[in-house]
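Tertiary structure, described
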Amino acid sequence: MVSLPGRDSLSDADDRTIASRAADGDIRAFEILMRRYGSLMRAYAARIVRPSDADDVVQETFVTAWQDLPDLENPASVRSWLTTIVTRKSIDRLRAARDQDSIDDHDFHDPADGPAETATATSLDEALSLALSTLPEDQRRCWVLREIAGYGYSEIAEQLDLPVSTIRGLLARSRKTLVDEMEAWR
């Protein structure tokens with residue numbers, strides 16, 4: 001039996017095919033990208049911003065992706081491209097939250113935790129967010145891609161279009177700065 005192109009064949013297609021079709025305006029192809037990478041993007045965003053903000057960051061990411069997909073040079077790299085967008089949106093969210101931070105905006109971690117544990121965890125998150133926001137952009141992007149997204153050195157180099165040796169240096173400097181900034185939390 002010959003299978004006709006349909007929902008299943010598009011769902012099983014590789015990223016290059018799906019991203020190319022979505023770039024041409026195929027809404028169903030874009031929906032497949034959203035289903036394929038939505039959970040990953042949400043988990044990734046939740047490691048950078050508060051979990052309550054992760055859904056908004058992912059939604060903003062996909063809106064931007066839909067608008068900018070026709071400009072994507074290599075459709076096969078759509079996953080790393082989406083990760084870059086979610087990183088930028090997450091960092092933007094951290095900067096905005098820092099400018100208008102209020103106790104009412106905070107989600108407390110585990111309701112079973114006592115007030116001391118909740119306050120400590122919230123303070124640690126805020127300290128790390130602040131320390132990350134002070135890093136130069138290249139260092140911050142390298143650190144987030146390595147430590148949060150779990151990318152390897154070569155993947156980061158490809159993503160940022162930099163040599164692996166530069167990535168190693170940027171990561172070393174970002175780690176040193178974060179260790180210094182977070183010394184009080186050891």
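Preceding this paragraph is the structure being described.
Summarised in this report is the structure supplied together with it. (Residues numbered from 1 in each chain as written. Predicted model: local features only at pLDDT ≥ 70, side-chain atom pairs only at ≥ 80, totals over all residues. Heavy atoms only, no water.)

Attention now moves to the packing of helix α2 (residues 15–23) against helix α3 (residues 27–48). Viewed as axis vectors pointing N to C, α2 and α3 meet at an angle of 130°, and their least axial separation amounts to 7 Å. As summarised for this structure, α2 and α3 are arranged oblique, according to the angle between their axes. For the element pair α2 and α3, the recorded crossing hand is left-handed. Here Asp15, Ile18, Ala19, Arg21 and Ala22 of α2 come into contact with α3, specifically with Arg28, Ala29, Phe30, Ile32, Leu33, Arg36 and Tyr37. Grouping the constituent residues of the contact of α2 with α3 by class yields 8 nonpolar, no polar and 4 charged. (Axes fitted to C-alpha atoms, helices over the stretch in contact; angles between N-to-C directions. Helix = DSSP H or I, 4+ residues; strand = E, 2+ residues; numbered from the N terminus. Parallel < 35°, antiparallel > 145°, perpendicular 65-115°, else oblique. Left-handed = near helix turned anticlockwise from the far one by under 90°. Contact = heavy atoms within 4.5 Å. Nonpolar A, V, L, I, M, F, W, Y, C, P; charged D, E, K, R; others polar.)

So, on to the pattern of salt bridges. Taken as a whole and assessed by the stated rule, the structure comprises 8 salt bridges. Measuring nitrogen to oxygen at the nearest pair gives 2.7 Å for the salt bridge that ties Asp15 to Arg36. Of this pair, Asp15 sits in helix α2 while Arg36 sits in helix α3, and the two are 21 residues apart along the sequence. A salt bridge links Arg93 to Glu60, with the shortest nitrogen-to-oxygen separation between them at 2.6 Å. Residue Arg93 is found in helix α5 (residues 78–99), and its partner Glu60 is found in helix α4 (residues 51–68); the two are separated by 33 residues along the sequence. Looking at Glu60, the relative accessible area reads 33%, which means it is partly exposed. (Salt bridge = Lys/Arg side-chain N within 4 Å of Asp/Glu carboxyl O. Buried < 20%, exposed > 50% of the residue type's maximum accessible area, 1.4 Å probe, protein only.)

In this section: the packing of aromatic side chains. Evaluated as defined, the whole model comprises 2 aromatic pairs. Between the aromatic rings of Phe30 and Phe62, the centroid separation amounts to 6.1 Å while the plane-to-plane angle is 85°, which identifies the pairing as edge-to-face. One end of the pair, Phe30, is in helix α3; the other, Phe62, is in helix α4, with 32 residues separating them in the sequence. The same class applies to Phe30 as to Phe62, namely buried. By way of ring pairs, the aromatic residues Phe30, Phe62 and Trp66 are connected into one cluster. One residue, Arg146, lies across the ring of Tyr153, its end atom 4.7 Å from the ring centre. The ring centre of Tyr153 lies 4.4 Å from the NZ or CZ of Arg168, which sits over that ring. (Phe/Tyr/Trp six-rings, centres within 6.5 Å; stacked < 30°, edge-to-face > 60°. Lys NZ or Arg CZ within 6 Å of the ring centre and 35° of its normal.)

At Tyr37, α3 shows its maximal kink, close to 50°. Residues Ala29, Phe30, Ile32, Leu33, Tyr37, Gly38, Met41, Tyr44, Ala45 and Ile48 constitute the buried set of α3. Capping of α3 at its N-terminal end is provided by Asp26; its side-chain oxygen lies 3.0 Å from the backbone amide nitrogen of Arg28. (Bend = angle between axes of the 7 residues up to and from the residue. Polar contact = N/O pair within 3.5 Å; in protein donor to acceptor, adjacent residues only side chain to side chain.)

Core analysis: the biggest nonpolar cluster contains 45 residues, and Leu33, Leu69, Val78, Trp81, Leu82 and Ile156 have the highest contact counts within it. Counting only elements with at least two residues in this core, the list comes to α2, α3, α4, α5, α6 (115–134), α7 (137–148), α8 (153–160) and α9 (164–181). With 9 residues, α3 is the single largest residue contributor to this core. When we break this core down by domain, the ones giving at least three residues each are domain 1 (10–102) and domain 2 (123–185). If we skip the residues at most four places from it in the chain, Trp81 touches Ala65, Asp68, Leu69, Leu72 and Gln159. (Core = buried A, V, L, I, M, F, W, Y, C linked by side-chain atoms within 4.5 Å. Domains from an automatic or database assignment.)

Attention shifts here to the side chain of Gln139. Relative to the elements of secondary structure, Gln139 occurs in helix α7. Residue class for Gln139 comes out buried when judged on its relative accessible area of 10%. Not counting the four nearest positions on each side in its chain, Gln139 is found in contact with Leu170, Arg173, Ser174 and Thr177.

For α2, the set of buried residues is Asp15, Ile18, Ala19 and Ala22. Each buried residue of α2 lies within a common arc of 95° when the element is viewed along its axis, so the set occupies one face. In the stretch just after α2, Gly25 is the one whose phi turns positive, near 100°. (Arc of directions from axis to C-beta.)

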